[in-house]
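The chain contents come next:
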Amino acid sequence: MNDTTSETPKLSWWRRLSAGLKRTSGALGTAVADLVTKRKLDRAMLDDIEDVLLRADLGTQVAARIAEAVGAGRYDKAISADEVKAVVATEVEKVLSPVAKPLVVEASHKPFVILVVGVNGSGKTTTIGKLAAKFASDGKQVMLAAGDTFRAAAIEQLKVWGERTKAPVIAGAQGSDSASLAFTAITAAKEQARDILLIDTAGRLQNKAELMNELEKVVRVIRKVDASAPHAVLLVLDATVGQNALSQVEAFHRTAGVTGLVMTKLDGTARGGILVALSEKFKLPVHFIGVGEGVDDLQPFAARDFARAIAGIDD
Ligand SMILES: Nc1nc2c(ncn2[C@@H]2O[C@H](COP(=O)(O)OP(=O)(O)OP(=O)(O)O)[C@@H](O)[C@H]2O)c(=O)[nH]1
Ligand SMILES: [Mg+2]
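Residue positions are given per chain, counting from 1 as you read along its sequence in written order. By the order in which they are written, chains take letters starting at A while ligands take numbers starting at 1. For a predicted model such as this one, the threshold for reporting local features is a pLDDT of at least 70, and the threshold for listing and counting side-chain atom pairs is 80 or more; totals across whole chains, interfaces and linings nevertheless cover every residue. Side-chain figures throughout are based on the complete set of non-hydrogen atoms in the structure, without hydrogens or water.

It is worth spelling out the domain arrangement of the chain at this point. Each assigned domain of the chain is listed with its residue range as follows: domain 1 (2-96) and domain 2 (112-302). Here domain 1 and domain 2 have C-alpha centroids that lie 32 Å from each other. Between domain 1 and domain 2, the contact holds 18 residues from the first and 22 residues from the second. The term buried area means the drop in 1.4 Å probe accessible area that two parts suffer when joined, counted for both and summed. Buried surface at the junction of domain 1 and domain 2, both sides included, amounts to about 1,700 Å², of which 56% is carbon and sulfur. Between Lys or Arg on one side and Asp or Glu on the other, a salt bridge is scored when a side-chain nitrogen of the former is within 4 Å of a carboxyl oxygen of the latter. Applying the counting criterion to the domain 1 and domain 2 interface returns 3 salt bridges. Among the ionic pairs, Arg 16 bridges to Asp 297, the shortest N-O distance being 3.2 Å. We call two N or O atoms a polar contact when they sit within 3.5 Å, provided that within protein one can donate a hydrogen and the other can accept it, with sequence-adjacent residues counted only if both atoms are side-chain atoms. Seen at the junction of domain 1 and domain 2, the total is 6 residue pairs in polar contact (both at pLDDT 80 or more). Secondary structure elements follow DSSP: runs of H or I no shorter than four residues count as helices, runs of E no shorter than two count as strands, and numbering proceeds from the N terminus. Elements supplying a minimum of two residues to the side of domain 1 that touches domain 2: helix H1 (9-20), helix H5 (60-71) and helix H6 (81-96). No other element matches the 5 residues that H1 contributes to the side of domain 1 that touches domain 2. Basically, the charged four are Asp, Glu, Lys and Arg, the nonpolar ten are Ala, Val, Leu, Ile, Met, Phe, Trp, Tyr, Cys and Pro, and anything else, Gly included, counts as polar. Considered class by class, the residues forming the side of domain 1 that touches domain 2 number 10 nonpolar, 3 polar and 5 charged. Either an automatic procedure or a domain database provided the assignment from which the domain bounds are taken. Only heavy atoms matter for contacts: two residues are in contact if any of them lie within 4.5 Å across the pair.

Rendered as structure tokens:
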């Protein structure tokens, strides 16, 4: 039976995260399965473990470091598969802990302007909807801006989230300029004394100069209304893309000054290991992870949980 409705929310999202990272944890499990029979750690096994971690996108540095940590003092000694997993989890957690930071909404900024950016289909609009619901339940007055002016469907999608979360939506006509829409939205949010303004943007590939320039303009125009804004620039990354996330972070950070990351689609068949490589390389805060399409499927990023899911340790 697959009834998850009676589970506590914590258990149900943990299940989805650990199922999503099964590809990584399963491969790791296979690499260390020999331990059950051999009961001894050898070079070949350390190479296998490093290889699995590399293929799981954790990056060369982290993979090498973990393999070294597993071998340290245990080479040629008896060790169980569970011990190996525990070392992997500990080492991954060390990389993730410094970046696992909540998104802090400072009340001194009214509105606190959050710009949401990312490539096509990464989950920006859905994440905005989930965030709006979270903020509303915290008693915050939220406003949404449909800065994805390219597609009529995108504007409609945000309006649906606006209705659901009872947040007014500032939208222009399809094809209108997204920078002026952002300008209008901040002005309206100020006038209406909203606490938080979430600005959606169109998906854009990080290597399309014209679209990245447009994003730069959006940021520039936002600063004209409020020199301290945007107060947060969230880059939404799809966990299933793997290595490509590295160049996404680089390009969006350069263009829009990313202040934090959200990784979506960690349910399903994720390649979530890339989050470890990203954390090692860029050290940008990771605020949330998405583990489903529903309004409650956005969780604050927890380093320990994520590390244990990657290592395949049952909670
Ligand atoms: N399984 C899963 N699906 C998600 C998650 N987040 C978003 N999605 C789905 O991914 C698809 C794209 O999400 P959107 O929010 O429209 O993505 P977007 O970045 O706004 O897309 P564009 O505006 O086209 O660039 C939708 O079908 C969402 O329901 C998640 O955490 N898990
Ligand atoms: Mg969208």
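If you trace the backbone, Gly 118 turns up in the loop between strand E1 (112-117) and helix H7 (124-137). Gly 118 has contacts with Lys 124, Ala 202, Gly 203, Arg 204, Leu 235, Val 236 and Phe 252, leaving out every residue within four places of it along the chain.

Around ligand 1, a shell composed of 20 residues is seen, among which Lys 124, Thr 125, Thr 126, Asp 267 and Glu 293 lie nearest. Thr 126 places a polar side-chain atom, nitrogen or oxygen, 2.5 Å from an oxygen atom of ligand 1. At a separation of 2.5 Å, an oxygen atom of ligand 1 approaches a polar side-chain atom of Glu 293. Only the protein chains shown count as covering a residue, and every accessible area follows the Shrake-Rupley method with a 1.4 Å probe. Coverage of ligand 1 by the protein chains reaches 79% of its 650 Å² of free accessible surface. The element best represented in the shell around ligand 1 is H7, accounting for 4 residues. A breakdown of the residues in the shell around ligand 1 according to their chemical character gives 2 nonpolar, 11 polar and 7 charged. Proximity criterion: a residue is near a molecule or strand once any of its heavy atoms comes within 4 Å of it.

This part is about the sheet that holds strand E6 (residues 260-264). Strand pairing is defined by DSSP finding a minimum of two bridges between the two strands. With mixed pairing, the 8 strands of this open sheet are ordered in space as E3-E2-E4-E1-E5-E6-E7-E8. Only two strands of the sheet have a single neighbouring strand rather than two, namely strand E3 (169-170) and strand E8 (298-300). With 4 bridges joining them, E1 and strand E5 (residues 232-238) adopt parallel strand pairing. The residue of E5 that forms the bridge with Ile 114 is Ala 232. Against the sheet, H7 engages E1, strand E2 (142-145), strand E4 (196-199), E5, E6, strand E7 (286-290) and E8, with an angle of about 170° to E4. Angles shown run from 0 to 180 degrees and are taken between the N-to-C directions of axes, each axis being a line fitted to C-alpha atoms and, for helices, limited to the stretch in contact. Set on the sheet, helix H10 (residues 209-225) makes contact with E1 and E4; between it and E1 the angle comes to about 175°.

Classification of ring pairs rests on two measures: the distance between centres of Phe, Tyr or Trp rings, Trp counted by its six-membered ring, which must be within 6.5 Å, and the angle between planes, read as stacked under 30 degrees, edge-to-face over 60 and tilted in between. What the rule picks out here adds up to 1 aromatic pair. Note on Phe 301 and Phe 306: the rings are 5.4 Å apart at their centroids and 65° apart in plane angle, and the pair reads as edge-to-face. Burial here depends on accessible area, computed with a 1.4 Å probe over protein chains only, as a share of the maximum for the residue type. Under 20% is buried, over 50% is exposed, and the range in between is partly exposed. Overall, Phe 301 belongs to the buried group, its relative accessible area being 8%. A residue is classified by how much of its surface remains accessible, and Phe 306, at 1% relative accessible area, is buried. Whether a charge sits over a ring comes down to the Lys NZ or Arg CZ being within 6 Å of the ring centre and within 35 degrees of the ring normal. Sitting over the ring of Trp 161, Arg 164 keeps its end group 4.3 Å from the ring centre.

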